[in-house]
Amino acid sequence: MDSHFERELGSLREKILTMGGHAEAAANRSVQSLVQRNSDLALQVKQSDEIIDKLEVDIEDCVVQQLTKAPLATDLRLVTAAIKISHDLERIGDEATQIAKRAMELCREPAIEIRFNLTQMTGLSFDMLKAALDSFANRDPAAARAVIPRDKEVDALNKTFHDLLARQMVEHPDTIKRCLHWMVVSKSIERIADHATNIAENVVYLYEGRDIRHTGIKSGGAKGD
């Protein structure tokens with residue numbers, strides 16, 4: 001492979017990992033702003049989102065250039081997977097911004113007591129994101145496959161939290177506005193897990209050449225293997 005082209009592909013990988021690092025940090029900071037009731041942290045998330053958006057544009061520009069040069073199928077998969085992964089990372093930045101906005105609103109209101117372990121759901125969702133990005137960095141499709149089934153756990157926790165919030169609103173109508181903010185937060189955390197799943201599926205496609213999004217083949221090889 002041409003050494004200049006190889007360096008360009010390496011740069012593309014680095015941009016994705018840099019963007020992933022910013023998306024992870026924004027997601028974590030948004031939840032910290034929520035839990036700590038810290039408006040300053042919430043404002044920092046907005047600044048991070050601008051960096052994430054710029055990185056997505058940089059990756060798109062890089063991909064357009066590479067699409068005219070990629071000589072091998074594996075290289076074509078990298079540049080096409082890169083644009084899909086960057087899109088999911090940009091959406092994660094958007095969800096982090098949404099959480100931070102709700103955190104700022106909730107900081108202005110009295111806290112409400114809801115018996116739900118938010119740490120469990122955020123921890124699982126963010127662990128999925130980290131594992132998906134690690135599987136890309138380590139070129140490890142097996143690790144990517146392991147991420148995908150965990151999405152159902154986050155879905156179940158999101159539903160449980162929504163049910164609790166709905167009950168809270170019925171029993172305590174004065175908390176409706178705050179509960180609605182929490183519902184949006186919960187949905188954003190669940191969506192981050194969705195995007196982590198998408199990234200993991202693209203890692204499998206990148207390193208195995210298989211599109212497993214609609215096949216039902218998530219954790220093992222192809223049917224009949």
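This is a predicted model, so every value here is computed, not measured. (Residues numbered from 1 in each chain as written. Predicted model: local features only at pLDDT ≥ 70, side-chain atom pairs only at ≥ 80, totals over all residues. Heavy atoms only, no water.)

It is worth spelling out helix α4 (residues 118-137) at this point. When the terminal C-alpha atoms of α4 are compared, their 29 Å separation across 20 residues agrees well with the 28 Å that a helix rising 1.5 Å per residue should span. Of the residues making up α4, those classed as buried are Leu118, Met121, Thr122, Leu124, Ser125, Phe126, Met128, Leu129, Ala132, Leu133, Ser135 and Phe136. Between the side-chain oxygen at the start of α4 and the backbone nitrogen of Thr119 there is a gap of 3.2 Å, and the oxygen is on Asn117. One or two steps after α4, the chain reaches Arg139, where phi turns positive at roughly 55°. (Helix = DSSP H or I, 4+ residues; strand = E, 2+ residues; numbered from the N terminus. Expected span 1.5 Å × (residues − 1). Buried < 20%, exposed > 50% of the residue type's maximum accessible area, 1.4 Å probe, protein only. Polar contact = N/O pair within 3.5 Å; in protein donor to acceptor, adjacent residues only side chain to side chain.)

A few words on the packing of aromatic side chains. How two aromatic rings sit relative to each other is given by the distance of their centres and the angle of their planes. Applying the stated criterion to the full structure yields two aromatic pairs. Geometrically, the ring pair formed by Phe116 and Phe161 is stacked, given 4.2 Å between the ring centres and 5° between the ring planes. Separated by 45 residues along the polypeptide, Phe116 in the loop between α3 (73-107) and α4 and Phe161 in helix α6 (residues 151-171) bring together distant segments of the chain. On the basis of relative accessibility, which here comes to 17%, the residue Phe116 falls in the buried class. Judged by centre distance (6.2 Å) and plane angle (65°), the rings of Phe161 and Trp182 are edge-to-face. A residue pair is termed long-range when its members are at least 10 positions apart, and Phe161 in helix α6 and Trp182 in helix α7 (residues 176-208) qualify at 21 residues. (Phe/Tyr/Trp six-rings, centres within 6.5 Å; stacked < 30°, edge-to-face > 60°.)

Attention now moves to the side chain of Thr175. Looking at where Thr175 falls in the secondary structure, it is placed in the loop between α6 and α7. A distance of 2.7 Å separates a polar side-chain atom of Thr175 from the backbone oxygen of His172. Excluding its chain neighbours within four sequence positions, the residues that come into contact with Thr175 are Ile112, Gln168 and Met169. (Contact = heavy atoms within 4.5 Å.)

Of note in this structure, Arg37 is not a glycine but carries a positive phi near 55°. On the secondary structure map, Arg37 appears in the loop between α1 (3-35) and α2 (39-67). On the accessibility criterion, Arg37 (37% relative accessible area) is partly exposed. The phi torsion at Arg139 lies on the positive side, around 55°, for a residue other than glycine. For Arg139, the position within the fold is in the loop between α4 and α5 (141-147).

With respect to the helices and strands, Arg150 occurs in the loop between α5 and α6. Distance from Arg150 to Asp194, taken between C-alpha atoms, is 9.9 Å for residues 44 residues apart in sequence. Leaving out residues up to four positions away in the same chain, Arg150 has contacts with Leu124, Asp127 and Met128.

Let's shift gears to the layout of surface pockets. If you add up the space inside the largest pocket, you get close to 350 Å³. Taken together, 15 residues line the largest pocket, and the ones lying closest to its centre are Leu34, Val35, Ala111, Ile112 and Trp182. Breaking the lining of the largest pocket down by element, the ones donating at least two residues are α1, α3 and α4. Split into classes, the residues belonging to the lining of the largest pocket amount to twelve nonpolar, one polar and two charged. (1 Å grid on protein atoms, 1.4 Å probe; cavity = no way out; pocket = protein on both sides within 12 Å on 5 of 7 lines; lining within 4 Å. Points joined across faces, edges and corners; volume = space filled by probe spheres on them. Nonpolar A, V, L, I, M, F, W, Y, C, P; charged D, E, K, R; others polar.)

Counting residues in hydrophobic clusters, the biggest one holds 62 residues, and the most contacted among them are Leu12, Leu89 and Trp182. Looking at this core, the elements with two or more residues in it are α1, α2, α3, α4, α5, α6 and α7. With 13 residues, α7 is the largest single contributor of residues to this core. Other than its neighbours up to four places away in sequence, Trp182 contacts Leu34, Leu106, Ile112, Leu118, Phe161 and Leu165. (Core = buried A, V, L, I, M, F, W, Y, C linked by side-chain atoms within 4.5 Å.)

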